[in-house]
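These are the residues of each chain, in order.
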Amino acid sequence: MKAILTLDNLASGLVTTLWTPVFVAIFLAIIAYAFWPRNKAAFDEAAHLPLREE
């Protein structure tokens, strides 16, 4: 049986081979940014915003 190339098969292959690694890279960049030691002070300050009285 011969495989039929359709738009659905092409789109599925494109998503799997191209977009999945792109989104994984974006996710890892966000995680690296969140755990970077230089950003700790800013995140600590943001965590205390709801408790701060003005």
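Every value quoted in this text rests on a predicted model; they were computed, and no experiment measured them.

Residues and numbers for helix α1 (residues 7-35), please.
The first and last C-alpha atoms of α1 sit 41 Å apart over 29 residues, in line with the 42 Å expected at 1.5 Å per residue. Largest kink in α1: about 35 degrees, centred on Trp19, with the proline Pro21 one to four residues after it.

For the pattern of salt bridges, give the residues involved together with the corresponding values.
Applying the stated criterion across every chain, the model contains 1 salt bridge. Here Lys40 and Asp44 are joined by a salt bridge, their closest N and O atoms 2.9 Å apart. Here the residue Lys40 and the residue Asp44 both occupy positions in helix α2 (residues 40-48), the gap between them amounting to 4 residues, near one helical turn. With a relative accessible area of 52%, Lys40 lands in the exposed category.

Rules behind the numbers
Residues numbered from 1 in each chain as written. Predicted model: local features only at pLDDT ≥ 70, side-chain atom pairs only at ≥ 80, totals over all residues. Heavy atoms only, no water. Helix = DSSP H or I, 4+ residues; strand = E, 2+ residues; numbered from the N terminus. Expected span 1.5 Å × (residues − 1). Bend = angle between axes of the 7 residues up to and from the residue. Salt bridge = Lys/Arg side-chain N within 4 Å of Asp/Glu carboxyl O. Buried < 20%, exposed > 50% of the residue type's maximum accessible area, 1.4 Å probe, protein only.

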